[in-house]
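Next come the chains, spelled out residue by residue.
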Amino acid sequence: MKGRKPIPTHLHIVSGSKNGKGRTREPKPVGDLAEHPDFFSESQREVWNYAIANAPKGLLKKLDRDVLAVWVVSRDIWQKAIIAQAELDKLVALPLTQVTPNGMNQQSAYVGIINKQAVIMMKAASEMGFTPSSRARVSIDPNADDEDDLEKALAG
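Here the structure is a predicted model, which means the values were calculated and not measured.

**Some remarks on the overall build of the protein**
In terms of regular secondary structure, the protein is built from six helices and two strands. In the protein, the succession of helices and strands from N to C terminus is α-α-α-β-β-α-α-α. Per-residue burial over the protein gives 26% buried out of 156 residues. Taking contacts inside the protein between residues at least 6 apart in sequence as the whole, the part at least 24 apart equals 61%. Here the protein has roughly 10,800 Å² of accessible surface; of this, 57% comes from carbon and sulfur atoms.

**Quick word on the nonpolar core**
Membership of the largest hydrophobic core comes to 16 residues, with the highest contact counts inside it found for Trp-48, Leu-60, Leu-68, Trp-71, Val-72 and Met-128. Going through the elements one at a time, helix H2 (42–54), helix H3 (65–89) and helix H4 (109–128) are the ones with two or more residues in this core. Look past the residues within four positions of Val-72 in its chain and what remains in contact with it is Phe-40, Gln-44, Val-47 and Trp-48.

**A look at the environment of Asn-115**
In this structure, Asn-115 sits in helix H4. Note on Asn-115: relative accessible area 45%, which makes it partly exposed. Between the alpha carbons of Asn-115 and Ala-81 there is a distance of 9.8 Å; along the sequence they are 34 residues apart.

**Quick look at the packing of H3 against H4**
Pairs of packed helices are described in terms of their axes, by the angle between the two and the distance that separates them. Viewed as axis vectors pointing N to C, H3 and H4 meet at an angle of 155°, and their least axial separation amounts to 8 Å. When the interaxial angle is binned, H3 and H4 end up roughly antiparallel. In the crossing of H3 with H4, the sense of the turn from one axis to the other is left-handed. Taken together, the residues of the contact of H3 with H4 sort by class into 20 nonpolar, three polar and two charged.

**With respect to the packing of H2 against H3**
Two elements in contact, H2 and H3, have axes whose closest approach is 9 Å; the angle formed by their N-to-C orientations is 125°. When the axes of H2 and H3 are compared, the pair comes out oblique. Seen along the crossing, H2 lies across H3 with a hand that is right-handed. Along its contact with H2, which presents Ser-43, Gln-44, Val-47, Trp-48, Ala-51 and Ile-52, the element H3 presents Arg-65, Leu-68, Ala-69, Trp-71, Val-72, Val-73, Arg-75, Asp-76 and Lys-80.

Rules and cut-offs
- Residues numbered from 1 in each chain as written.
- Predicted model: local features only at pLDDT ≥ 70, side-chain atom pairs only at ≥ 80, totals over all residues.
- Heavy atoms only, no water.
- Helix = DSSP H or I, 4+ residues; strand = E, 2+ residues; numbered from the N terminus.
- Buried < 20%, exposed > 50% of the residue type's maximum accessible area, 1.4 Å probe, protein only.
- Contact = heavy atoms within 4.5 Å.
- Areas by Shrake-Rupley, 256 points an atom, 1.4 Å probe, with all protein chains shown as cover.
- Core = buried A, V, L, I, M, F, W, Y, C linked by side-chain atoms within 4.5 Å.
- Axes fitted to C-alpha atoms, helices over the stretch in contact; angles between N-to-C directions.
- Parallel < 35°, antiparallel > 145°, perpendicular 65-115°, else oblique.
- Left-handed = near helix turned anticlockwise from the far one by under 90°.
- Nonpolar A, V, L, I, M, F, W, Y, C, P; charged D, E, K, R; others polar.

Structure representation (structure tokens):
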């Protein structure tokens, strides 16, 4: 796909744009997201519960489960790598490094893990409206039920 990501229809409607008209076939996920996947570890369940408790009501739907799961697992790995790096920093003269078998200092493997997980977290967070800039583009009605509000809005 070329070009920018399309703006969701509900954002066109909220902004008063006419570009959202005629997009009646756009799917609308239903069912609020609550339950974590069964395969999560205890620490991942804690991160999941934090995300669910702090996400705006009505933002996350059941269809978003796997995107949130990617964010949760990445966040869990990221935290573990930060903790492991802090322990390693206590043992070396230069922070964020590790000593190779031949006595040379090099960047710690944990730094790469931390950086990679941060990128994954930010991508998933942006997709779900978890960042300040992505949150500014999202509009939800906390009182809305699972009826098709888009259809109502397009009908006038």
